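Overview (structure and organization)
Spelled out from the first residue to the last, the chains are:
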Amino acid sequence: AQKITQTQPGMFVQEKEAVTLDCTYDTSDPSYGLFWYKQPSSGEMIFLIYQGSYDQQNATEGRYSLNFQKARKSANLVISASQLGDSAMYFCAMYRGTSYGKLTFGQGTILTVHP
Amino acid sequence: NAGVTQTPKFQVLKTGQSMTLQCAQDMNHEYMSWYRQDPGMGLRLIHYSVGAGITDQGEVPNGYNVSRSTTEDFPLRLLSAAPSQTSVYFCASSYSPAPTNEKLFFGSGTQLSVL
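This write-up is about the structure you can find in this document. Predicted model, so just to flag it, every value in this text is computed and none were measured.

Of the regular secondary structure elements, chain B holds zero helices and eleven strands. In sequence order, chain B lays out its α and β elements as β-β-β-β-β-β-β-β-β-β-β. With respect to the principal axes defined by its C-alpha atoms, chain B has extents near 40 × 30 × 25 Å. Counting across all 115 residues of chain B, residues that qualify as buried make up 46%. Taking the intrachain contacts of chain B between residues at least 6 apart in sequence as the baseline, contacts between residues at least 24 apart amount to 54%. Looking at chain B as shown, the accessible area adds up to about 5400 Å², and 52% of this sits on carbon and sulfur atoms. Each charge class in chain B can be summarised by its mean position, and for the 7 positive and 8 negative side chains these summaries are 10 Å apart.

Here it is as structure tokens:
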């Protein structure tokens, strides 16, 4: 079985500061992929970043980076220079093996960016 | 380029009624899936399809049926709605012959209330 845990129900950050959202995962499969999605109040799911289990380097996408610590089974999302528009729910998700479309999601973290 | 289209956006049902949530994608994606989102629980996979004529159960399949007669469409059927099926439903699709940065494309969601 696979499991994703996001231990921070809510996080607060000041505008222009960096914030880290935690995600730990549990799988015995050597091949897996990790995603972060953003869900603003409008409800849509927005893809942010992806990390494959065999990727040697941490993924980066603009202001988003993924701090991938394979031995610790963690895949934390780092948002640099937070903006008011970053206020949203953030989900960590994983697939394992070749089940690319079968994602297991964490419970989510609500991020609030203060001006 | 419509992406993933879900209809309806909102629906209210009475207990015992049946209905079909529609999902269509125009990206020629092989993989399609249905998730439900409940407060505090993230998204959970209901059913999944790897191609026309092939479906599989996800984490919470009870009370739902699916079929995949074409690549484009993946409807979700509630045969006898129950209040426990009150949720937000997301359809998603992806195309990935290899595990490299293949994100899910999500529809805009259907908010379903069962009274």
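There is more to say after this.
Residue and element names in this part refer to chain B. When you tally the buried positions in strand β5 (residues 42–51), you get nine out of ten residues, the bulk of the element. Alignment of strand β4 (residues 31–38) against β5, held across seven bridges, turns out to be antiparallel. Bridge pairing links Arg36 to Arg44 in β5. Between β4 and β5, which follow one another and run antiparallel, lie three residues, and Gly40 among them has a positive phi close to 75 degrees. As defined by bridge partners, β5 adjoins strand β6 (residues 54–57) across three bridges and the pair is classed as antiparallel. Each bridged residue has a counterpart across the sheet, and for His47 the counterpart in β6 is Gln57. With antiparallel pairing between neighbouring strands as the criterion, β5 and β6 make up a hairpin whose turn holds two residues, including Gly53 at a positive phi of roughly 85 degrees.

With the rule as written, the count across this model stands at five salt bridges over all chains. The partner of Lys73 of chain A in a salt bridge is Asp26 of chain A, and the shortest N-O contact between them spans 3.7 Å. In this pair, Lys73 of chain A is assigned in the loop between β8 (64–69) and β9 (74–79) and Asp26 of chain A in strand β4 (residues 24–26), connecting sequence segments 47 residues apart. Classification of Asp26 of chain A as partly exposed rests on a relative accessible area of 43%. Of the charged contacts, one joins Asp38 of chain B and Arg36 of chain B as a salt bridge, the two residues approaching to 2.9 Å between their closest N and O atoms. When its relative accessible area of 8% is taken as the criterion, Arg36 of chain B is described as buried. By sharing partners, the salt bridges in this structure join Arg36, Asp38 and Arg44 of chain B into a single network.

Residue and element names in this part refer to chain A. When you line up the elements, Pro9 lands in the loop between β1 (3–5) and β2 (10–14). Since its relative accessible area comes to 64%, Pro9 is described here as exposed. Spatially, the C-alpha atoms of Pro9 and Ile110 are 6.2 Å apart, while their sequence positions differ by 101 residues. Once residues lying within four places of it in the same chain are set aside, the contact partners of Pro9 are Gly108, Thr109 and Ile110.

A few words now on the sheet that holds strand β1 (residues 4–7) of chain B. All names here are of chain B. Strands sit in the order β1-β3-β8-β7 across an open sheet of four strands; the sheet is antiparallel. With one partner strand each, in any of the chains shown, β1 and β7 (64–66) form the two edges of the open sheet. When the angles between neighbouring strand axes are averaged without regard to direction, this sheet yields 20 degrees. Summarising the sheet, β1 and strand β3 (residues 19–25) pair through four bridges and their orientation is antiparallel. Across the sheet, the residue bridging to Gln6 is Cys23, located in β3.

So, how was this worked out
Residues numbered from 1 in each chain as written. Chains lettered and ligands numbered in written order. Predicted model: local features only at pLDDT ≥ 70, side-chain atom pairs only at ≥ 80, totals over all residues. Heavy atoms only, no water. Helix = DSSP H or I, 4+ residues; strand = E, 2+ residues; numbered from the N terminus. Buried < 20%, exposed > 50% of the residue type's maximum accessible area, 1.4 Å probe, protein only. Contact = heavy atoms within 4.5 Å. Areas by Shrake-Rupley, 256 points an atom, 1.4 Å probe, with all protein chains shown as cover. Lys, Arg positive; Asp, Glu negative; His and termini not counted. Charge placed at Lys NZ, Arg CZ, Asp CG, Glu CD. Pairing = 2+ DSSP bridges. Salt bridge = Lys/Arg side-chain N within 4 Å of Asp/Glu carboxyl O. Axes fitted to C-alpha atoms, helices over the stretch in contact; angles between N-to-C directions.

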